[in-house]
Amino acid sequence: MIAALLFPLTLVAQGAPTHAVDTIPRRHAVHLTGHVLLNRGADSTPAAATRLILHGVTPTVQGPIDSLLTTADGAFDLHFTADTGVVYLLSARWAGIEYFALPLDTREGSPRLDANVVVADTSAAAPVALSARHLLVSAPAATGTRDVLDLAILTNAGPRTRVPTVAAPVTWRMLLPHAAINARVGDAEFATETMIIHGDTLALTAPIPPGQRSISVTYQLPPNISAITLTVAQPVPTVNLLMEEPGAHVTGGLVRADSQLVNNGRSYTRWSGAVVAGQGIVIRFPGSVALPPWVLPVLVGAFALGLVAVGALAFGPARTQSH
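In this text the structure is predicted, and so the values were computed from the model without any measurement. (Residues numbered from 1 in each chain as written. Predicted model: local features only at pLDDT ≥ 70, side-chain atom pairs only at ≥ 80, totals over all residues. Heavy atoms only, no water.)

**Q** Account for the overall build of the protein chain, with residues named and values stated.
**A** Check the secondary structure of the protein chain and you find 1 helix and 23 strands. In the protein chain, which comprises 323 residues, the proportion classed as buried is 50%. In the protein chain, once contacts between residues fewer than 6 apart in sequence are set aside, the share between residues at least 24 apart is 76%. Surface summary for the protein chain: the accessible area is close to 14,300 Å², and the carbon and sulfur share equals 59%. (Helix = DSSP H or I, 4+ residues; strand = E, 2+ residues; numbered from the N terminus. Buried < 20%, exposed > 50% of the residue type's maximum accessible area, 1.4 Å probe, protein only. Contact = heavy atoms within 4.5 Å. Areas by Shrake-Rupley, 256 points an atom, 1.4 Å probe, with all protein chains shown as cover.)

See the structure below:
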């Protein structure tokens, strides 16, 4: 999801919401137990003699606090003093990649905790699918440009992490409209430096672990444009396109929904459907209309979750594509 918890110290982020942090820190003893498990698809096996690291993260400081090796059955047993002003994370390195578990709930009253860290073997050929794509296209601003929020959901359904190689440094890529300008990577569950926009292509160079990850991109469509084509290089079972302009028309596998979505007093018509590989989604715009330039600032934050919520009505857990 877009509202994922991202930490700069992660090589492979596994986003998750955190618990609320007290404004006045309090300290208490915590006994932490658990296992490091190697993903084997339907089952998992212990990751013996694997280095487990406990990290502490605050708004200003982050880094390792303690570490140990797991036992032959992948178990660990750790005692530490928790501070309610710190978010604690567990990680384990496997095959050169750091895997993070969900943040620990160390609020006072939880002196004993249990947590697992799941790691995975790697493959340069592990398939990554584009399971959903959600786009929100605003009405034109006073300058004539239209703002777009483009959210992709990637899914690695296998047991191995997709990794880059020297010969194939890109683990996944997505095409943007040819006409897109001012494209920028938004919220994502990967380090910013691993997401590169070159021309009309967004390329990811980070490892992609098993499970779901999300990437969002914001860009603009130039003034006086009559139509755009969004080419989908891989099949996408769920595409949701929200259009603010009621006169816009969409073709290419999407059908218009019966209802409109309204948020912050703004209405959006939803077009949705499944798209096959190589298919082009064509958006034809009505005549240019000058509107106030207060379009995207509210949308990127408020609509990010709204887009995901709309997608959740049409699909369950899902994820995206690669080469």
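Next comes the rest of the account.
**Q** Let's hear about the sheet that holds strand 4 (residues 62-69): which residues, and what values?
**A** Read from one edge to the other, the open sheet built from 4 strands follows the order 4-3-6-7, with strand pairing classed as antiparallel. Two strands in the sheet have a free side with no partner beyond their single neighbour: strand 4 and strand 7 (97-100). Taken pair by pair, the neighbouring strands of this sheet meet at an average axis angle of 30°, ignoring direction. The pairing of strand 6 (residues 87-94) with strand 7 spans 4 bridges and is classified as antiparallel. (Pairing = 2+ DSSP bridges. Axes fitted to C-alpha atoms, helices over the stretch in contact; angles between N-to-C directions.)

**Q** If you had to explain the pattern of salt bridges to someone new, which residues and values would you point to?
**A** This structure, assessed with the given rule, holds 6 salt bridges. Linking D83 and R27 is a salt bridge whose minimum nitrogen-to-oxygen distance equals 3.9 Å. Residue D83 is located in strand 5 (residues 75-83), and its partner R27 is located in strand 1 (residues 27-40); the two are separated by 56 residues in the primary sequence. Assessed through its relative accessible area of 15%, D83 is described here as buried. A salt bridge links D150 to R133; the nearest nitrogen and oxygen atoms lie 2.7 Å apart. Remark: R133 occurs in strand 10 (residues 129-137) and D150 occurs in strand 11 (residues 146-156); sequence separation between them is 17 residues. Looking at R133, the relative accessible area reads 2%, which means it is buried. (Salt bridge = Lys/Arg side-chain N within 4 Å of Asp/Glu carboxyl O.)

**Q** Explain the packing of aromatic side chains to me, and be specific about the residues and the numbers.
**A** Overall, the coordinates contain 1 aromatic pair when judged by the stated rule. Measuring from ring centre to ring centre gives 5.2 Å for F80 and Y88, while their planes differ by 50°; the resulting arrangement is tilted. With respect to burial, F80 and Y88 carry one shared label: buried. For R146, the ring lying beneath its charged end belongs to F285, and the centroid distance is 3.9 Å. (Phe/Tyr/Trp six-rings, centres within 6.5 Å; stacked < 30°, edge-to-face > 60°. Lys NZ or Arg CZ within 6 Å of the ring centre and 35° of its normal.)

**Q** Which residues make up the environment of A129, and what are the values?
**A** Along the chain, A129 turns up in strand 10. Sequence separation of A129 and P237 is 108 residues, and the distance between their C-alpha atoms is 9.8 Å.

**Q** Requested: an account of the pairing of strand 3 (residues 51-57), with residues and values cited.
**A** With 6 of 7 residues buried, strand 3 is to be regarded as a mostly interior element. Here strand 3 folds back onto strand 4, and the loop between the two strands holds 4 residues. In terms of strand pairing, strand 3 meets strand 6 through 6 bridges, oriented antiparallel. Residue pairing across strands places V57 opposite V87, the latter belonging to strand 6.

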